Amino acid sequence: MTMHASTIDSIRKSLVGLRMPRALEALDATLRRIEQGEIDGIQAFDVLLMEELTLRESRRIKAALMMARLTTIKTLAGFDFAFQPSLDRNRILALAELKFIERAEVVHLLGPPGTGKSHLATALAVEAVKAAKSVYFSTLADIIASLAKAEREGQLRERIRYLCRASLLVVDEIGYLPVVPGGGNLFFQLVNARYEKGAMILTSNRGFAEWGEVFGDPVVATALLDRLLHHAVVVQIEGSSYRLRQHADLVPEHVRSKAHINPPPPPKKRGRPPGVKSDDQDAG
Ligand code: ADP
Ligand code: MG
């Protein structure tokens, strides 16, 4: 390669000028691979560009996950569908194609505590981030608190506009905490602003019939459900808590019956030690 010294120098300058640090770093090793006849020139282009692209993609995804407030990462691959037989795996995989985002639909994930609602909502949100969709993840309580704060500061319109920018808004934990007075009204304004414009994923441990109680206002609850059920996909999970799966026998009867806890199924996966959760589920 010595006879190409000035060309290589020029490539190096171009990579610096184009801000391609990863390709620059990989340049020498790639040139050596050409010299050794391991790859040809065309393949070398490919190697250098792929190195740079991979770095940029992982940086973009990392930044977008932070912007989306996705701090705990969960994946569909890490979801044990065998544990939740009431859940139609293909339906979830179809949602992961993200057409519901383009159609600005609302996905409801309903079920008792510990059945994987937040896990699935997060995993779908991560898929959306990877597909370069803008995402915002929050609990209902945090969204309402941020809307209330914005209202106090005369910034409600701006805050709603901000929360409408994401093409997917995830609202986790509807029904766990009582909504503060006026909170339902604020949430309605957000839902109304996103209606038919932006997709949402909502998770709740309460049925729609209980929303009047959840929001402390049956009129607001009816108006909310009117928007949130119009273009909607409802996924009901009827299972036991994954959190309590190893401790079903220790949980008091009245809690167990409420949460539909069953003793864990006998281990059937080859060679998996009991109590170890596999994060890499097989594809079949
Ligand atoms: P929910 O939001 O319905 O209360 P989570 O999604 O937070 O429940 O699930 C509780 C914990 O159990 C999380 O750590 C989640 O990753 C895990 N989990 C729940 N269901 C499954 C599952 N089927 N496979 C793997 N992990 C699961
Ligand atoms: Mg949850």
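A brief report on the enclosed structure follows. (Residues numbered from 1 in each chain as written. Chains lettered and ligands numbered in written order. Predicted model: local features only at pLDDT ≥ 70, side-chain atom pairs only at ≥ 80, totals over all residues. Heavy atoms only, no water.)

With that out of the way, let us pick up the packing of aromatic side chains. All told, the structure shown has six aromatic pairs when counted by the stated rule. An angle of 85° between the planes, with centres 4.9 Å apart, marks the rings of F83 and Y242 as edge-to-face. With a gap of 159 residues between them, F83 in the loop between α3 (41-67) and α4 (89-95) and Y242 in the loop between β5 (232-236) and α12 (253-259) connect regions that are remote in the sequence. With a relative accessible area of 22%, Y242 lands in the partly exposed category. On the basis of an interplanar angle of 80° and a centroid distance of 5.9 Å, the ring pair of Y136 and Y162 is categorised as edge-to-face. One end of the pair, Y136, is in strand β2 (residues 135-139); the other, Y162, is in helix α8 (residues 156-165), with 26 residues separating them in the sequence. What links up through ring pairs into an aromatic cluster is the set F187, F208, W211 and F215. Above the ring of Y242, the side-chain terminus of R245 is found at 3.8 Å from the ring centroid. (Phe/Tyr/Trp six-rings, centres within 6.5 Å; stacked < 30°, edge-to-face > 60°. Helix = DSSP H or I, 4+ residues; strand = E, 2+ residues; numbered from the N terminus. Buried < 20%, exposed > 50% of the residue type's maximum accessible area, 1.4 Å probe, protein only. Lys NZ or Arg CZ within 6 Å of the ring centre and 35° of its normal.)

Between its first and last C-alpha atoms helix α1 (residues 5-17) spans 18 Å; for 13 residues at 1.5 Å apiece the expected length is 18 Å, and the two agree. Positive backbone phi, approximately 55°, marks R19, located one or two places after α1. (Expected span 1.5 Å × (residues − 1).)

The next subject is the pattern of salt bridges. Applying the stated criterion across every chain, the model contains 14 salt bridges. Between D28 and R12 there is a salt bridge, with its nearest N and O atoms 2.7 Å apart. Of this pair, D28 sits in helix α2 (residues 21-35) while R12 sits in helix α1; the two residues are 16 residues apart in sequence, bridging distant segments of the chain. For D28, a relative accessible area of 41% corresponds to the partly exposed category. (Salt bridge = Lys/Arg side-chain N within 4 Å of Asp/Glu carboxyl O.)

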